[in-house]
Amino acid sequence: MCWGMIGYGWKGPFHVWNPETEKEKQETESEIIRINTEMEEEAEKANTIWKNSAELTELRLQELATAQLQRQAEKHVEKLKRSEHIRGVDAWRYVKHVAIPLMWSECHHQLQRNPDFVLMEDGASPHTANYTSREHEKQGVPKLDWVSNSPDFNPVEPIWTLLK
């Protein structure tokens, strides 16, 4: 499995995955437990702040219909989990081995060169997973939203024949 980054007039980093070892799988499980715990704590703090806010109190006092919608807007945690039968690259490996060490630094570099730079990824599950999206948001790199499963609108698809 490999990953690369290209753009008009430049070539970015390239990464080839080795099969994941048992030790890496165990380390990953420990790290996922730690991250899930942190996310739950962050959500609990955010929810506590919201529940004690003057805004919520005012909404309750005015008995506005929007109060119900605001309470539903509480932050919920979708825990990370890995399948026992991982084939190829999952979101965890994508973020750990490509996004953090290679892609996001290159994206920030490209943004300095061109403020209109936008990251475009295909619809592969590691690109669209909740964990990847959460980590992507932290980086603040603009990402192109586009129709899924639409090779006609995907400028990356024609390049595959050149790469093969």
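So, how was this worked out
- Residues numbered from 1 in each chain as written.
- Predicted model: local features only at pLDDT ≥ 70, side-chain atom pairs only at ≥ 80, totals over all residues.
- Heavy atoms only, no water.
- Helix = DSSP H or I, 4+ residues; strand = E, 2+ residues; numbered from the N terminus.
- Expected span 1.5 Å × (residues − 1).
- Bend = angle between axes of the 7 residues up to and from the residue.
- Contact = heavy atoms within 4.5 Å.
- Axes fitted to C-alpha atoms, helices over the stretch in contact; angles between N-to-C directions.
- Parallel < 35°, antiparallel > 145°, perpendicular 65-115°, else oblique.
- Left-handed = near helix turned anticlockwise from the far one by under 90°.
- Nonpolar A, V, L, I, M, F, W, Y, C, P; charged D, E, K, R; others polar.
- Buried < 20%, exposed > 50% of the residue type's maximum accessible area, 1.4 Å probe, protein only.
- Pairing = 2+ DSSP bridges.
- Core = buried A, V, L, I, M, F, W, Y, C linked by side-chain atoms within 4.5 Å.

### Re helix H4 (residues 91–113)
With 23 residues, H4 extends only 28 Å from end C-alpha to end C-alpha; this falls clearly short of the ideal 33 Å at 1.5 Å per step. The largest bend along H4 reaches roughly 60° and is located at alanine 99, with the proline proline 101 sitting one to four residues downstream. Buried residues along H4 sit in contact with strand S1 (2–7), strand S2 (10–16), helix H1 (22–51), helix H5 (125–128) and helix H6 (130–139).

### Let's talk about the packing of H4 against H6
With their axes 11 Å apart at the nearest point, H4 and H6 run at an angle of 25° to one another. In terms of their interaxial angle, H4 and H6 are classed as roughly parallel. In the packing of H4 onto H6, the handedness of the crossing is right-handed. Along its contact with H4, which presents Ala91, Trp92, Tyr94, Val95, Trp104 and His108, the element H6 presents Tyr131, Thr132, Glu135, His136 and Gln139. In terms of residue class, the contact of H4 with H6 is built from six nonpolar, four polar and one charged.

### Side note on the side chain of aspartate 90
You can see aspartate 90 is positioned in the loop between helix H3 (66–72) and H4. For aspartate 90, a relative accessible area of 16% gives the class buried. Beyond its immediate chain neighbours, meaning those up to four positions away, aspartate 90 contacts Arg82 and Pro126.

### Quick word on H1
Note: α-helices contain 3.6 residues per turn, so residues at a spacing of three or four share the same orientation. With 30 residues, H1 extends 43 Å between its outermost C-alpha atoms, agreeing within 8% with the 44 Å of an ideal straight helix rising 1.5 Å per residue. Regarding H1, the residues found buried are Thr28, Ile32, Ile35, Asn36, Met39, Ala43, Asn47 and Trp50.

### Here's the deal with the pairing of S2
Strand direction decides the pairing type here: S1 and S2, joined by five bridges, are antiparallel. Counterpart to glycine 7 in the pairing with S2 is tryptophan 10. Hairpin connection from S1 to S2: two residues lie between these consecutive antiparallel strands, with glycine 9 at a positive phi of about 85°.

### A few points about the nonpolar core
One recurring pattern in soluble globular proteins is that nonpolar side chains are buried together. Counting residues in hydrophobic clusters, the biggest one holds 22 residues, and the most contacted among them are Met5, Tyr94 and Met103. Sorting the residues of this core by element identifies S1, H1 and H4 as the ones contributing at least two each. Ranked by residues supplied to this core, first place goes to H4 with nine residues.

As far as function goes, none of this settles anything; it's purely spatial.
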